[in-house]
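# Reading the structure
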Amino acid sequence: MVGSAIIERRYSNAGIKCTPLKDAALHGILCFPDDGKKHPGVLVIGGSKGGVGLPDVTVLLAAHGFTALSLSYFGDSGQPATLQNIPLEYFKGAADWMLTLPETRSRRIALFGVSRGTEVALQVAAMSSVIDAVVARSPSFVRWEGISAHGFPGGPAWILSGKPLPYIPNRVPFWFWTQYFWDSAISEPMRQTPLFLYDLSIFGATDSAEIPVENIHGPILLLSGKDDQIWPGDMMADKLMDRLKQHGHAYHDVHLSYDQVGHSIPCEYLPTAGDFSGLRLVIRGTAEGVAKAQRDSWPRILGFLTQAASTGSP
């Protein structure tokens with residue numbers, strides 16, 4: 001060994017304040033620079049794991065000058081246990097609440113959604129005039145079925161005014177179960193993307209379940225991996241861009257599509273090599289591909305959010 005060094009990396013500095021929220025109105029973690037100033041607001045919405053959402057992204061955003069709220073919407077104490085019948089009013093209320101904070105600068109905020117969280121981020125942004133930008137990683141162009149306690153299809157995921165929004169049901173064919181049990185027997189994780197492609201093919205025309213992203217009053221940044229084996233995020237991002245173009249969306253929308261990248265593109269420059277044995281589902285991508293995507297995407301996310309906050313939207 002010629003030499004060695006130890007480097008300590010932190011999500012934030014001592015000037016960041018984080019406050020857990022657990023009351024009847026909101027659950028989550030609010031982080032912001034504790035400098036007495038106002039900062040652009042970002043509402044962060046996690047995916048199907050539930051719980052506290054994405055506190056790591058929230059802290060990072062705060063460290064870069066944002067007031068960020070990682071919103072928990074199921075799987076936390078006092079909340080629905082599963083991703084089923086989640087009211088969209090909850091997310092709209094969280095966005096409105098952020099605008100009342102003394103730490104939030106403008107009259108509008110951005111949304112940052114991941115995986116299943118992109119469905120609600122894009123849907124709420126299309127319904128609300130207080131959203132000026134959306135970042136959606138591994139996104140969907142439609143609303144999908146909810147998920148029950150054991151991971152089975154669980155009816156509507158999202159409701160509005162007490163009524164379910166149309167969605168694509170997840171039907172599990174015999175061939176998928178056969179593959180699932182075989183993979184389980186040999187301790188191999190399952191590729192889930194073929195199931196979503198199958199469900200899209202048998203559903204037919206998806207108009208009723210598509211998210212009306214053309215109604216969003218601000219730019220959209222989509223990020224996807226071409227080797228996504230959780231669901232076809234790259235194809236669905238293309239579908240979103242097609243819809244935006246067809247409707248003449250009057251903003252600078254961007255789709256960042258990465259080779260050798262799967263479902264996850266961490267913002268934190270985390271190590272991309274490691275032991276992923278024991279995973280139930282295939283994430284896919286290569287260590288090199290994910291590292292390159294992290295290096296490219298995080299500065300572009302920050303630039304996108306900063307630009308949206310500084311220029312505003314009509």
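Located above this text is the structure these notes cover.
Residues numbered from 1 in each chain as written. Predicted model: local features only at pLDDT ≥ 70, side-chain atom pairs only at ≥ 80, totals over all residues. Heavy atoms only, no water.

## A few points about the sheet that holds strand S13 (residues 254-258)
Note: strands within a sheet are paired through backbone hydrogen bonds, in either parallel or antiparallel orientation. Rule in force here: If DSSP finds at least two bridges between two strands, the strands pair. Every helix listed is a DSSP run of H or I at least four residues long, and every strand listed is a run of E at least two residues long, numbered separately from the N terminus. Each axis is a line fitted through C-alpha atoms, and for a helix only the stretch in contact is used; angles between axes span 0 to 180 degrees, taken between their N-to-C directions.
Here eight strands make up an open sheet; going across it, the order is S1-S2-S4-S3-S6-S7-S12-S13 and the pairing mixed. For this open sheet the edge positions go to strand S1 (16-22) and S13, each flanked by a neighbour on one side alone. Pairs of neighbouring strands in the sheet enclose a mean axial angle of 15 degrees, with direction left out of account. Here five bridges tie strand S3 (residues 41-45) to strand S4 (residues 67-72), and the two strands are oriented parallel to one another. If you follow Val 42 over to S4, its bridge partner there is Ala 68.

## Looking at unusual backbone geometry
A positive phi angle, near 55 degrees, is found at Ser 138, a position not held by glycine. Within the secondary structure layout, Ser 138 lies in the loop between strand S7 (131-137) and strand S8 (145-147). Of note in the backbone geometry, Tyr 269 takes a positive phi value of approximately 55 degrees without being a glycine. Along the chain, the position of Tyr 269 falls in the loop between S13 and helix H7 (287-311).

## Observations regarding the pattern of salt bridges
Rule in force here: Between Lys or Arg on one side and Asp or Glu on the other, a salt bridge is scored when a side-chain nitrogen of the former is within 4 Å of a carboxyl oxygen of the latter. A 1.4 Å probe rolled over the protein chains alone gives each residue an accessible area, and that area as a share of the maximum for its type sets the label: buried under 20%, exposed over 50%, partly exposed in between.
Applying the stated rule across the entire model yields nine salt bridges. Residue Lys 22 is joined to Asp 76 by a salt bridge in which the shortest nitrogen-to-oxygen separation is 3.6 Å. Of this pair, Lys 22 sits in strand S1 while Asp 76 sits in the loop between S4 and strand S5 (86-87), and the two are 54 residues apart along the sequence. Among the residues examined, Lys 22 registers a relative accessible area of 56% and is labelled exposed. Given the relative accessible area of 15%, Asp 76 is considered buried. The salt bridge partner of Lys 292 is Glu 288, with a shortest N-O separation of 3.2 Å. Here Lys 292 and its partner Glu 288 are both found in helix H7, four residues apart, which amounts to about one turn of the helix.

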